[in-house]
Amino acid sequence: MIKNRDTRLTLLLLIPVLLVLIAYVLYPSLRTIMESLQKEGSMTFGNYSDFFTQESKTNLEALWNSVYISILSVLVSALIGIPLAFIFNRYDFPGRGFFASAAIMPIVLPSLVGVMAFMFLYGETGLIPNAIKDLFGLNEVPFKIGGISGILIVHAYTMYVYFYMTVSSAINKIDPSLEEAAYNLGANRFNVFWKVTFPLLTPAIVAASLLVFMISMASFSAPFLLAGGFRVLSLQIYFSKINGDMEVAATQSVILSVVSISFLLFMRWYQNRKDYRMASKGIGAHRSEVNNPVLKWILVFTGIVGVIILLLPHFTILLLSLVPDGTWTWQTYPSVFNFENYRLLFQDPNIFKPLKNSLILSVIATAGNLVFGVLASYVLVKRKFVGKSFVDILVMIPWALPATVIGMNLIFAFNEPTIFSFGNILVGTFWILPLAYFIRHIPLVVRSTNAVLEQLDDSIEEASRSLGAKWFYTFRKVILPIIMPGVLSGTLLAFVESVGEFPTSVLLYTLSNRPISIEIMNQLRMFNMGQAAAYGMIQITLIALVLFISNKFFGVKAEKSLS
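What comes next concerns the included structure. Model, not experiment: these values are computed from the prediction.

### Examining the overall build of the chain
Argument step 1. When its secondary structure is counted, the chain shows 25 helices and 4 strands.
Argument step 2. A compact globule built from 563 residues should have a C-alpha radius of gyration of about 24 Å, and the chain, at 25 Å, falls within 12% of that.
Argument step 3. Its C-alpha atoms give the chain principal-axis dimensions of about 85 × 75 × 55 Å.
Argument step 4. Considering the chain as a whole, with its 563 residues, one finds that 52% of them fall into the buried category.
Argument step 5. If you take every contact in the chain between residues at least 6 apart in sequence, the share linking residues at least 24 apart comes to 76%.
Argument step 6. With an accessible surface of roughly 26800 Å², the chain has 65% of that area assigned to carbon and sulfur atoms.

See below:
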């Protein structure tokens, strides 16, 4: 009888999870594949043939560029993030704590705002190139970012954090006795690192590489504003969509998805080739004091310079947000500063509306992520049923798909009435954006909740049930309070990502529901730099406020959310 009761409960919990995944993850993906096979009213592989054989080779060039820039982004981000993780977690020197905290500051910059800051700082009309030009009396600016170098610089700045976070976490879990044993056996410092430390860090490095590669493949903001003539596939999808070449856009979306998922499978295969678990139970890693005064102050000086470089984009957005529109036109530098942009933002309903839209859209999507993520995670971790692997794959698909692909999937799936949209057309309505944000961030809540549910002893739930408590009461009063830190970790990140979401927004927004990221783009097109920067500062403040509240009141740190 108990077994039958548990089976019924599993079905009751599983059915809504399956319905959501089939309706909003699987069905849209299948619709895109079907659309890519349509050409001149018939089913054919002609679109794929054109992709690889067209005379202009633009799509092949865009595909190669996407892979090329993604691999470079992984390498450069690793070269920055891994050494920083070692320095801040293995050595102690003055200011180390402050420098370590400042190292994660890029996470509060939404992608579009970060690219905008780099344009203002290092572009052809940027503040720093022009300052150097005037300081040394040059005829033209000594450098400017753009094209592949500009994209790579922005990616390195925003993505090294993933290596820094994951490797820092792994370093702190390494038992020092393993390295000490290697030293006692006569190994030198290099051999200890290569034979002992590095293998133990492999899972963290693989995880960070996978994340950076996939984010870079899906990158839209940096290519959109900095690419020039440099083509990437995510941007080609957008251009195909606005040109009305929907079959071509579908084909490009499928190919971009295949490349991203293939890299995911390859990296998981590589990671699973060996067992990286530690058999010992030593204490956590400890930091060594830097006693050499020259080295100590070199580290301090380098840290100060690094913090300045890291915070320059934030200060630039803040500075430019104080420049009233129309006062910085032909001048090299802005000369008028006041709070006019903020006054307009909070007093003019038309200017305030994108901020209001972003908050409403993000709250709706994140609330959906919270409820669905907890339910899906509980079903996957605590219930047994046939097809669990299939459900797990469906949950993780939005994590593997680029944002532009998710946007195109929704366009193909819901540009006509379907049973999943309750007989309505969702494209062009308010609800398409919160649905996109919800789908995009499902894995964030599920993964963070999985981590804590897997550590929760089943006997806790069994004890409550044996005392007569109903499942829902047990879940609400016993399980949920225990797993709440993990739930909040993913929910926090989902909200932060929704507030700054740009690629799906640019494909799906309407005039009435345009979020703040779209309004930033519109203001940049109209050369209203001050108003665009003011919107950017609001986004940064919102994200920083969420991170602060989650850390202060819930004990959930940004490092935990991203690691």
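### Concerning the packing of aromatic side chains
Argument step 1. A full pass over the atoms with the stated rule returns 22 aromatic pairs.
Argument step 2. Between the aromatic rings of Y27 and F414, the centroid separation amounts to 6.3 Å while the plane-to-plane angle is 55°, which identifies the pairing as tilted. Remark: F414 occurs in helix α17 (residues 403-414) and Y27 occurs in helix α1 (residues 2-36); sequence separation between them is 387 residues. Here the two residues Y27 and F414 agree in accessibility, since each one is buried.
Argument step 3. Residues F220 and F502 carry aromatic rings whose centres are separated by 5.6 Å and whose planes lie at 55° to one another, so their mutual orientation is tilted. Taken together, the positions of F220 in the loop between α9 (189-217) and α10 (221-226) and F502 in the loop between α21 (471-500) and α22 (503-508) put the pair 282 residues apart, joining distant regions of the chain.
Argument step 4. Through a chain of ring-to-ring contacts, the aromatic side chains of F88, F93, F98, F99 and Y164 assemble into a single cluster.

### Observations regarding helix α14 (residues 340-347)
Argument step 1. Burial in α14 covers these residues: N341, Y342 and L345. Buried residues of α14, viewed axially, fall in a sector of 95°; they line one side.

### Considering the packing of helix α15 (residues 349-382) against helix α19 (residues 442-453)
Between two packed helices, the angle of one axis relative to the other and the distance separating the axes together describe the packing.
Argument step 1. Taken N-terminus to C-terminus, the directions of α15 and α19 make an angle of 45°; their axes are 8 Å apart at the nearest point. Considered as vectors, α15 and α19 are oriented oblique to each other. By crossing handedness, the relation of α15 to α19 is classed as right-handed. Every residue of α19 that contacts α15 at N369, L370, F372, G373, V374, A376, S377, Y378, L380, V381 and K382 is listed here: I442, V445, V446, T449, N450 and L453.
Argument step 2. Along the lines of polarity and charge, the residues of the contact of α15 with α19 split into 11 nonpolar, 5 polar and 1 charged.

### Here we look at the environment of L344
Argument step 1. The topology assignment puts L344 in helix α14.
Argument step 2. A residue is classified by how much of its surface remains accessible, and L344, at 26% relative accessible area, is partly exposed.
Argument step 3. The spacing of L344 and V192 is 152 residues in sequence and 60 Å in space, taken between C-alpha atoms.
Argument step 4. In contact with L344, other than residues within four places in its own chain, are I351 and Q531.

### A closer look at the packing of helix α20 (residues 458-466) against α21
Argument step 1. In the contact formed by α20 and α21, the axes pass within 10 Å of each other and the chain directions differ by 145°. The interaxial crossing formed by α20 with α21 has right-handed handedness. Across the interface between the two elements, I460, E461, S464 and R465 of α20 pack against W471, T474, V478, I479 and I482 of α21.
Argument step 2. Residue composition of the contact of α20 with α21, grouped by class: 5 nonpolar, 2 polar and 2 charged.

### Re the environment of Y437
Argument step 1. By the secondary structure assignment, Y437 is in helix α18 (residues 432-440).
Argument step 2. Along the primary structure Y437 and M119 are separated by 318 residues, whereas in three dimensions their C-alpha atoms are 27 Å apart.
Argument step 3. Sequence-distant contacts of Y437, that is, excluding residues within four places in its chain, are made with L361, A365, N369, S498, E501, T504, S505 and P515.

### Description of unusual backbone geometry
Argument step 1. For F422, which is not a glycine, the phi torsion comes out positive at approximately 55°.
Argument step 2. For F422, the location among the structural elements is in the loop between α17 and α18.
Argument step 3. Of note in the backbone geometry, F527 takes a positive phi value of approximately 60° without being a glycine.
Argument step 4. The topology assignment puts F527 in the loop between α23 (516-525) and α24 (529-554).

### Observations concerning the side chain of S240
Argument step 1. Of note, S240 is situated in helix α11 (residues 233-242).
Argument step 2. Among all residues touching S240, those that are not within four sequence positions of it are D245, V248, A249 and Q252.

### As for the pattern of salt bridges
Argument step 1. All chains considered together, the criterion is met by 7 salt bridges.
Argument step 2. Measuring nitrogen to oxygen at the nearest pair gives 4.0 Å for the salt bridge that ties E501 to R440. Of the two residues, E501 is situated in the loop between α21 and α22 and R440 in helix α18; the sequence distance between them amounts to 61 residues.
Argument step 3. Taking relative accessible area as the criterion, R440 reaches 21% and is therefore assigned partly exposed.

### Regarding the environment of F52
Argument step 1. As for its placement among the helices and strands, F52 is situated in helix α2 (residues 46-53).
Argument step 2. Exposure remark for F52: the relative accessible area of 41% places this residue in the partly exposed category.
Argument step 3. Apart from the residues within four sequence positions on either side, F52 is in contact with K57, L60 and I255.

What counts, and at which threshold
- Residues numbered from 1 in each chain as written.
- Predicted model: local features only at pLDDT ≥ 70, side-chain atom pairs only at ≥ 80, totals over all residues.
- Heavy atoms only, no water.
- Helix = DSSP H or I, 4+ residues; strand = E, 2+ residues; numbered from the N terminus.
- Rg over C-alpha atoms; globule rule 2.2 N^0.38 Å.
- Buried < 20%, exposed > 50% of the residue type's maximum accessible area, 1.4 Å probe, protein only.
- Contact = heavy atoms within 4.5 Å.
- Areas by Shrake-Rupley, 256 points an atom, 1.4 Å probe, with all protein chains shown as cover.
- Phe/Tyr/Trp six-rings, centres within 6.5 Å; stacked < 30°, edge-to-face > 60°.
- Arc of directions from axis to C-beta.
- Axes fitted to C-alpha atoms, helices over the stretch in contact; angles between N-to-C directions.
- Parallel < 35°, antiparallel > 145°, perpendicular 65-115°, else oblique.
- Left-handed = near helix turned anticlockwise from the far one by under 90°.
- Nonpolar A, V, L, I, M, F, W, Y, C, P; charged D, E, K, R; others polar.
- Salt bridge = Lys/Arg side-chain N within 4 Å of Asp/Glu carboxyl O.

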